[in-house]
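Structural features, examined
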Amino acid sequence: MEGDDTAGPATCAAWIRGPDKRLLVVMGRARNRFCPPVIDILEFDAETASLSSDPLARLVIGDEEGGDPLGFAVHPSGDEFVCATVSGCRLYDLDYHNWSIKMAKDLPAIQSIGTQKCLAFSTDGLKFAVGGEDGHLRIFHWPTLNLLLDEPKAHKSFRDMDISLDSEFLVSTSTDGAARIWKITEGAPLVSLTRTADEKIECCRFSRDGTKPFLFCTVQEGNKVVTTVWDMSTWNRIGYKKLIGKPISVLSISLDGKYLGLGTKDGDMCVVEVKTMSISHLSKKLHLGTPITLLEFAPKERVVISTSTQWGFKLTKLNVPADWKEWQIYLVLVGLFLASLVLFYIFYETSDSFWNFPLGKNQPGRFPTAAFTDPQPSEDGPW
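Because the structure is predicted, anything quoted here is derived from the model rather than measured.

1. As for the overall build of the protein
In terms of helices and strands, the protein carries two helices and 28 strands. For the protein, the proportion of its 383 residues judged to be buried stands at 47%. Accessible surface, the protein as shown: approximately 20,100 Å² in total, 56% of it carbon and sulfur.

2. Quick notes on the sheet that holds strand β6 (residues 71-74)
Sheet architecture is open: four strands sit in the order β6-β7-β8-β9, paired in antiparallel fashion. At either margin of the open sheet sits one strand with a lone partner, and together these are β6 and β9 (100-103). Taken over all neighbouring pairs, the strand axes of this sheet differ in orientation by 30 degrees on average, direction set aside. Pairing analysis gives four bridges linking strand β8 (residues 89-95) to β9, with the strands arranged antiparallel. Opposite L94, over in β9, you have I101 as the bridge partner.

3. Here we look at the pattern of salt bridges
Summed over all chains, the structure comprises 14 salt bridges. Between R29 and D40 there is a salt bridge whose closest N-O contact spans 3.2 Å. Of this pair, R29 sits in strand β2 (residues 23-29) while D40 sits in strand β3 (residues 38-45), placing them eleven residues apart in sequence. A relative accessible area of 0% means that D40 is categorised as buried. Between K183 and E186 there is a salt bridge; the shortest N-O distance is 3.5 Å. Taken together, the shared-partner salt bridges in this structure form one network comprising R29, D40 and R58.

Conventions we followed
- Residues numbered from 1 in each chain as written.
- Predicted model: local features only at pLDDT ≥ 70, side-chain atom pairs only at ≥ 80, totals over all residues.
- Heavy atoms only, no water.
- Helix = DSSP H or I, 4+ residues; strand = E, 2+ residues; numbered from the N terminus.
- Buried < 20%, exposed > 50% of the residue type's maximum accessible area, 1.4 Å probe, protein only.
- Areas by Shrake-Rupley, 256 points an atom, 1.4 Å probe, with all protein chains shown as cover.
- Pairing = 2+ DSSP bridges.
- Axes fitted to C-alpha atoms, helices over the stretch in contact; angles between N-to-C directions.
- Salt bridge = Lys/Arg side-chain N within 4 Å of Asp/Glu carboxyl O.

Given below as structure tokens:
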């Protein structure tokens with residue numbers, strides 16, 4: 001297996017929740033003079049916040065498979081992923097027993113559909129959507145690939161796309177600034193988001209915390225850039241905030257819905273706490289002078305992976321409060337249980353109850369013997 005020093009620059013990446021709670025990254029690398037385009041599986045080390053130097057698995061992409069990888073959509077199961085190339089999409093299986101990547105069966109429905117700029121699985125893994133450079137939107141049932149929606153003229157050309165947490169809605173934006181909401185269950189367009197003639201709705205993400213049904217979009221009007229919030233029950237704007245003040249190239253949201261990530265067209269990156277809509281982390285010149293093309297939060301760690309055409313991929317550990325680990329939660333629960341036992345014992349020893357009342361100064365023992373004896377001889381015989 002060739003080392004990473006011979007492979008081309010990273011073009012796209014995505015997180016994978018692997019077996020035994022291992023966190024992996026699937027990474028696409030472009031062709032260079034030493035190596036053809038490849039797909040690598042790398043392991044993330046939480047202690048060093050880095051990826052393994054050598055891939056756990058590598059697949060060389062042949063010319064018949066479409067050339068350089070452009071984007072990934074990982075199935076929530078972690079067992080398979082779809083890779084987009086200039087010619088269409090291919091499905092790959094992950095063999096964790098032998099640590100290999102295998103091309104799955106041919107899927108004509110997505111294999112030769114041209115360049116797809118957006119691709120995503122729903123949270124439940126039962127829907128798969130692709131948005132093309134030609135503006136064509138396709139939503140499939142997975143894994144049957146039965147078409148749920150087929151709209152050749154959804155947009156002029158796709159800019160961004162996301163599926164809601166309940167897998168009911170899809171939002172898409174166009175390179176001309178338009179944005180539309182689609183009802184997946186009905187296979188039909190629902191509404192176009194309102195905007196002024198000078199506004200361009202660019203990036204979009206649904207909320208993910210399960211309690212606040214909002215839609216976040218970046219909106220540019222001239223040199224002014226804001227992050228706007230839409231209410232999903234009415235599809236009306238309910239607020240906006242200027243965060244980083246630069247043209248945005250990519251928007252992302254953490255799986256728990258607590259943080260938004262914004263990447264700019266000149267390579268800066270900021271992370272925003274959704275609860276307060278304030279910046280919690282800022283990395284300036286992360287991809288110096290180059291638009292950030294991908295920004296994705298790790299599933300279990302406060303780490304993001306980002307890519308750009310000039311600088312490849314970068315991992316960034318966020319300066320935000322760390323989530324509680326599973327063992328820490330159990331430790332707190334055990335501590336609370338032990339504390340409750342101590343409090344119960346203290347209460348029992350000091351309480352004034354029928355069975356445990358304090359004795360007076362001249363008070364005899366708690367229970368006189370006569371209280372439990374019969375002064376008259378029993379007329380009954382022995383038991």
